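Chains, contacts and geometry: an overview
Here are the chains, one letter per residue:
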Amino acid sequence: MSKTIITCAITGAIHTPTMSEALPVNSEMIAEQAIAAAKAGAAILHLHARHPETGAPSIDPAHFMEFLPRIRAETDAIVNISTGGSLSASIDERLAPAYAASPEMCSMNMGSLNFAIHPLAEKLTGYKHDWEEGYIRGSENNIFRNTFGDIAQVAEKMRPHRVKFEHECYDVGHLYNLKFCLDRGMFEAPIFLQFVMGILGGIAAEVDNLVFMKRTADRLFGSDYQWSVIGAGGQQMKMAALAAQMGGHCRVGLEDSIFIERGVPATSNAQQVEKIVRILTEQGNTPATPAEAREMLALKGADRVSF
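This section reports on the structure supplied with the text. Everything quoted here is computed from the prediction, not taken from an experiment. (Residues numbered from 1 in each chain as written. Predicted model: local features only at pLDDT ≥ 70, side-chain atom pairs only at ≥ 80, totals over all residues. Heavy atoms only, no water.)

Turning next to the overall build of the protein. Helix and strand counts for the protein come out as eleven helices and twelve strands. Rg of the C-alpha trace for the protein: 18 Å, near the compact-globule value of 19 Å for 307 residues, within the 12% margin. Its C-alpha atoms put the protein at 50 × 45 × 40 Å along the principal axes. Here the protein holds 307 residues, and 57% of them are scored as buried. Within the protein, residue pairs in contact and separated by at least 24 positions form 74% of the contacts whose partners lie at least 6 positions apart. Summing over all exposed atoms, the protein offers an accessible surface of approximately 12500 Å²; the carbon and sulfur share of this is 49%. Computing the positive centroid from 27 side-chain charges and the negative centroid from 35, the protein places the two 5 Å apart. (Helix = DSSP H or I, 4+ residues; strand = E, 2+ residues; numbered from the N terminus. Rg over C-alpha atoms; globule rule 2.2 N^0.38 Å. Buried < 20%, exposed > 50% of the residue type's maximum accessible area, 1.4 Å probe, protein only. Contact = heavy atoms within 4.5 Å. Areas by Shrake-Rupley, 256 points an atom, 1.4 Å probe, with all protein chains shown as cover. Lys, Arg positive; Asp, Glu negative; His and termini not counted. Charge placed at Lys NZ, Arg CZ, Asp CG, Glu CD.)

Take a look at the structure:
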C-alpha cells in the first residue's frame, strides 16, 4: 500500500473567531499552527489568510506574506494556497495571493456551487466582531462562482509558475468538468483530486457517495491521478480514515472542522493531525513525508516558490 498524504487546512474562510478559540485569526497564529501541524505529520499545509485586526478572511497577498516565509523557514511542508477565499471577489482578486507567492500547489474549485454556511448562525448567541453575523447569514444567497472561463483563466495565469492544482470536486459533476478541461489541455496529468464532502450545497459525506466519486474518477482518469478526501464537520476523521483504507489521501484541519470529537472543540490543528496520524498508523497506513508527497504529486520543489 502506498503512503498516505495528510493535508492540514489551517484556517480557511468558513469558521469565524466566535466559533472557536483555537481558530488561527492572525498571521502569527497561522504560522505557529501551520508549523506545529507539519511537525505533527502534515505533508501539505493548505493556507488562507486572515485580516490581522478583525480575523475576517482575507485575500490580500500582503497578509499571506506575513506568514509564508516563516512557514517555509521552519518546515519542509508543501504549501498549498487557496484560489478561493471569497464568495464575492473576482477571479483576479482570488488568484492574487497564489500569483504573488508562486507556491508548489494551489486549490481550484472545479465548478460553481451554492456554498452555504448560514445554518451555523443558529448555533451562535453572540459575536466577537460585527462582520461575523452578516458574513454567515449572507451565504444563504451566495453562489461560489467558478465558471469554465474562470477555471481557464486560473490555469493560464498559473501555467508559468508550474503549480500543481488540488482540484476540489464538491459533487460528481465537478469530475466531469475536470475531464472536459483536461481533454482541452488546461491541465497535465498526473492530477490531484480532492473530494470535498459534507458542505451544504455539495455532495454529502457518506460512504456510498465516496465510493461513487472514486469509481467515477477511475472511469474518467484511469490510473493517472492521486486523490484525497475532505469530510466536513463531524465526518472529518471517519472519511479521512476511509479514504486511506481505499488507497487515497486525506485532509484534516480547523478549516473543515473545529472539533476533535463529537461535542469536544479541537485545541489546535496539530491535535487533529496527531489524531489522524494515530488512526492511520493503527489501521496499517503510513503517513507520507513532504519529500515523498512531492515525488508522488510530481511537484516543482520548495526552491522554486516566491516566498
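Let's shift gears to the pattern of salt bridges. This model, assessed by the stated rule, comprises 15 salt bridges. Its salt-bridge partner being Arg-251, residue Glu-255 comes within 3.4 Å of it at the nearest N-O pair. Considered together, Glu-255 and Arg-251 belong to a single accessibility category, that of buried residues. Arg-251 is paired through a salt bridge with Asp-256; the nearest N and O atoms lie 2.7 Å apart. The exposure class assigned to Arg-251 is buried, which follows from its relative accessible area of 2%. A residue is classified by how much of its surface remains accessible, and Asp-256, at 9% relative accessible area, is buried. Three or more residues are tied together by salt bridges with common partners; here these are Glu-166, Glu-168, Arg-251, Glu-255 and Asp-256. (Salt bridge = Lys/Arg side-chain N within 4 Å of Asp/Glu carboxyl O.)

Membership of the largest hydrophobic core comes to 71 residues, with the highest contact counts inside it found for Leu-45, Leu-47, Phe-187, Leu-193, Phe-195 and Phe-221. Sequence-distant contacts of Phe-187, defined by excluding residues within four places in its chain, comprise Met-108, Met-110, Ile-151, Ala-155, Phe-165, His-167, Leu-178, Cys-181 and Leu-182. Ranked by size, the runner-up nonpolar core spans 15 residues in total, among them Leu-113, Phe-115, Ile-136 and Tyr-170. (Core = buried A, V, L, I, M, F, W, Y, C linked by side-chain atoms within 4.5 Å.)

This brings us to the pairing of strand 2 (residues 44–47). By the alternation rule, side chains of strand 2 split into Ile-44 and His-46 and Leu-45 and Leu-47, which are all buried. The pairing of strand 1 (residues 6–9) with strand 2 spans three bridges and is parallel. From the neighbouring strand, Ala-9 faces strand 2, where its bridge partner is His-46. After leaving strand 1, the chain enters helix 1 (residues 27–40) and then returns to the sheet as strand 2, a path that is right-handed. Bridge analysis of strand 2 against strand 5 (residues 78–81) gives four bridges, and the strand direction is parallel. If you follow Ile-44 over to strand 5, its bridge partner there is Ile-78. (Pairing = 2+ DSSP bridges. Right-handed = clockwise from strand over helix to strand, strands pointing away.)

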